[in-house]
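Take a look at the letters that make up each chain.
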Amino acid sequence: MSRSEKIEFLIKELEKENDTSFLALLKSDRRTYLRALMNITMPVKLSDDYYRTEYELLKEESENRPLLKIGDSSPSPINNRMALLKGDITCVEIDAIVNAANTSMLGCFHPLHNCIDNIIGSRAGLALRKELLDQLDREGIKEDKEGKARLTKAYALPSKYIIHTVGPIVLDHSPSKENEETLSSCYMECLKRLKKEGGKSIAFPTISTGVFGYPKDMAAKVAIKAVQTFLESDDTLEKVLFIAFEDVDYEIYKRELELN
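A few points on the structure. (Residues numbered from 1 in each chain as written. Predicted model: local features only at pLDDT ≥ 70, side-chain atom pairs only at ≥ 80, totals over all residues. Heavy atoms only, no water.)

So, the sheet that holds strand 2 (residues 74-75)
Backbone hydrogen bonds are what pair the strands of a sheet, in a parallel or an antiparallel way. If you trace the seven strands from one edge of the open sheet to the other, you get 2-3-9-8-5-7-6, paired in mixed fashion. Either end of the sheet is taken by a strand with one partner, and the two such strands are strand 2 and strand 6 (150-153). With four bridges joining them, strand 8 (residues 201-204) and strand 9 (residues 239-244) adopt parallel strand pairing. Note that in strand 9 the partner of I202 across the bridge is V240. Against the sheet, helix 4 (residues 116-124) engages strand 5 (96-100) and strand 7 (161-165), with an angle of about 130° to strand 5. Relative to the sheet, helix 7 (residues 216-232) contacts strand 3 (82-86), strand 8 and strand 9, its axis offset from that of strand 9 by approximately 170°. (Pairing = 2+ DSSP bridges. Helix = DSSP H or I, 4+ residues; strand = E, 2+ residues; numbered from the N terminus. Contact = heavy atoms within 4.5 Å. Axes fitted to C-alpha atoms, helices over the stretch in contact; angles between N-to-C directions.)

Spelled out as C-alpha cells, the structure:
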C-alpha cells in the first residue's frame, strides 16, 4: 500500500470503533484526522492488519525525522554520565525514553493534545495503549500511583523501551516536601527499572513541569539531584540524558548541569 492508502485503511478501521461526528472539521487533513482518531480510541483489540499497517506507517515517519543520538549530547562536568540534549524525545536513539504519564496509564485521550503523553502515544502506535491496559489488567489495578515506573516496548519509536511514570500535580506552583519526594521517586524508579531490564542509557523529559504545574527550575534541581544520587551508587548505567524541547528548559538544565 502507498502512504495515502495506509492512512485511509487505518482511518476506516478506527472509524468503526468511534463516534467521529465531533472530529468533522479535521477530516479534510487525513493524517491529522488519523492522529485524532488514534487519540480517542480505547485500548480495544484491533485487527492484526491494523497493527501491522499502523506500525509500517509510523515507522516510516519515524525514520524520516532527524535522529538524535547520545553522542550529540553535552556531558555535565558534575558527572559525565549525565548529559543534556535539545530536541524531540521521540527521535532519540537510546535504550529507553521516559513518558510523563497520567495515573490511568493509557495515554492522553484529548485529540491532538500537545502533551508528551499524547505525542509519544501517537508516534508509538495503539499497540502501546493495549500493552499498558494488559499490564494493568494482569495486576488487577485501574491506575498507577505517582512516583512509580512501568516499562513497555517502544513500537515504532527509535528507542527500545518506554518507561512510563506519573509525576506529582502541583496546582499552586508551590511544591510541598511530598511533591519533591514524589518527583525524585519518578527519576529513581525509572533508573531502577532500566537497570532491571539490563539497559544502559535513558532519556528523561521534564517531568511534571507542564500542566502538572511543577516550577521548571525547581523540578530541574530535583531531577539532577535524584539522578546524581543514583549514579553515585551504580556503575552499570552509561548515560542519562535530560531532553529539553523548549528553549527555557534547555537554559535551565544548562545552568544546573554547569554547562555554561
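Next, the rest of the story.
Some thoughts on helix 8 (residues 247-256)
Within helix 8 the residues assigned to the buried category are D249, I252, Y253 and E256. Down the axis of helix 8, the buried set is contained in an arc of 90°. They therefore lie on one face. Elements in contact with the buried residues of helix 8: strand 3, helix 6 (177-197), helix 7 and strand 9. In the segment just after helix 8, E258 is the residue with positive phi, at about 60°. (Buried < 20%, exposed > 50% of the residue type's maximum accessible area, 1.4 Å probe, protein only. Arc of directions from axis to C-beta.)

A short note on the packing of helix 2 (residues 30-40) against helix 3 (residues 48-63)
Interaxial distance between helix 2 and helix 3 falls to 14 Å at its minimum, and their mutual angle equals 125°. What the angle tells us is that helix 2 and helix 3 run oblique. Considering how the two elements wind past one another, helix 2 and helix 3 form a crossing that is left-handed. Residues R31, L34 and M38 of helix 2 form the contact with helix 3, whose participating residues are Y50, E54, L57, L58 and E61. Its residues assigned to classes, the contact of helix 2 with helix 3 shows five nonpolar, no polar and three charged. (Parallel < 35°, antiparallel > 145°, perpendicular 65-115°, else oblique. Left-handed = near helix turned anticlockwise from the far one by under 90°. Nonpolar A, V, L, I, M, F, W, Y, C, P; charged D, E, K, R; others polar.)

Considerations on the pattern of salt bridges
This model, assessed by the stated rule, comprises 23 salt bridges. Among the salt bridges present, the one from D247 reaches K86, with a minimum N-O distance of 3.1 Å. Placement of D247 in helix 8 and of K86 in strand 3 is noted, with a sequence separation of 161 residues between them. For E256, the salt bridge is made with K221, and the minimal N-O distance between the two is 3.0 Å. Taken together, the residues span a long stretch of sequence, with E256 in helix 8 and K221 in helix 7 at a distance of 35 residues. Bridged by salt links that share partners, the residues R3, R31 and E61 form one connected network. (Salt bridge = Lys/Arg side-chain N within 4 Å of Asp/Glu carboxyl O.)

Here we look at the nonpolar core
One finds Y187, I202, F204, V227, F242 and Y253 to be the most contacted residues of the largest nonpolar core, which totals 33 residues. Secondary structure elements with two or more residues in this core: strand 3, strand 5, helix 6, strand 8, helix 7, strand 9 and helix 8. By residue number, the principal contributor to this core is helix 7, which donates nine residues. Among the nonpolar cores identified, the runner-up in size contains 24 residues, and L85, I89, L132 and I243 belong to it. (Core = buried A, V, L, I, M, F, W, Y, C linked by side-chain atoms within 4.5 Å.)

Concerning empty space enclosed by the protein
Inspection of every chain in the model, using the stated rule, returns one cavity of 30 Å³ or more. Its volume calculated, the largest cavity comes out at about 150 Å³. Contributing to the lining of the largest cavity are 18 residues, with L106, G107, G121, L128 and R129 lying nearest its centre. Breaking the lining of the largest cavity down by element, the ones donating at least two residues are helix 2, helix 4 and helix 5 (126-139). Tallied by class, residues from the lining of the largest cavity come to eight nonpolar, eight polar and two charged. (1 Å grid on protein atoms, 1.4 Å probe; cavity = no way out; pocket = protein on both sides within 12 Å on 5 of 7 lines; lining within 4 Å. Points joined across faces, edges and corners; volume = space filled by probe spheres on them.)

Everything listed here is a matter of geometry and, on its own, says nothing about what the molecule does.
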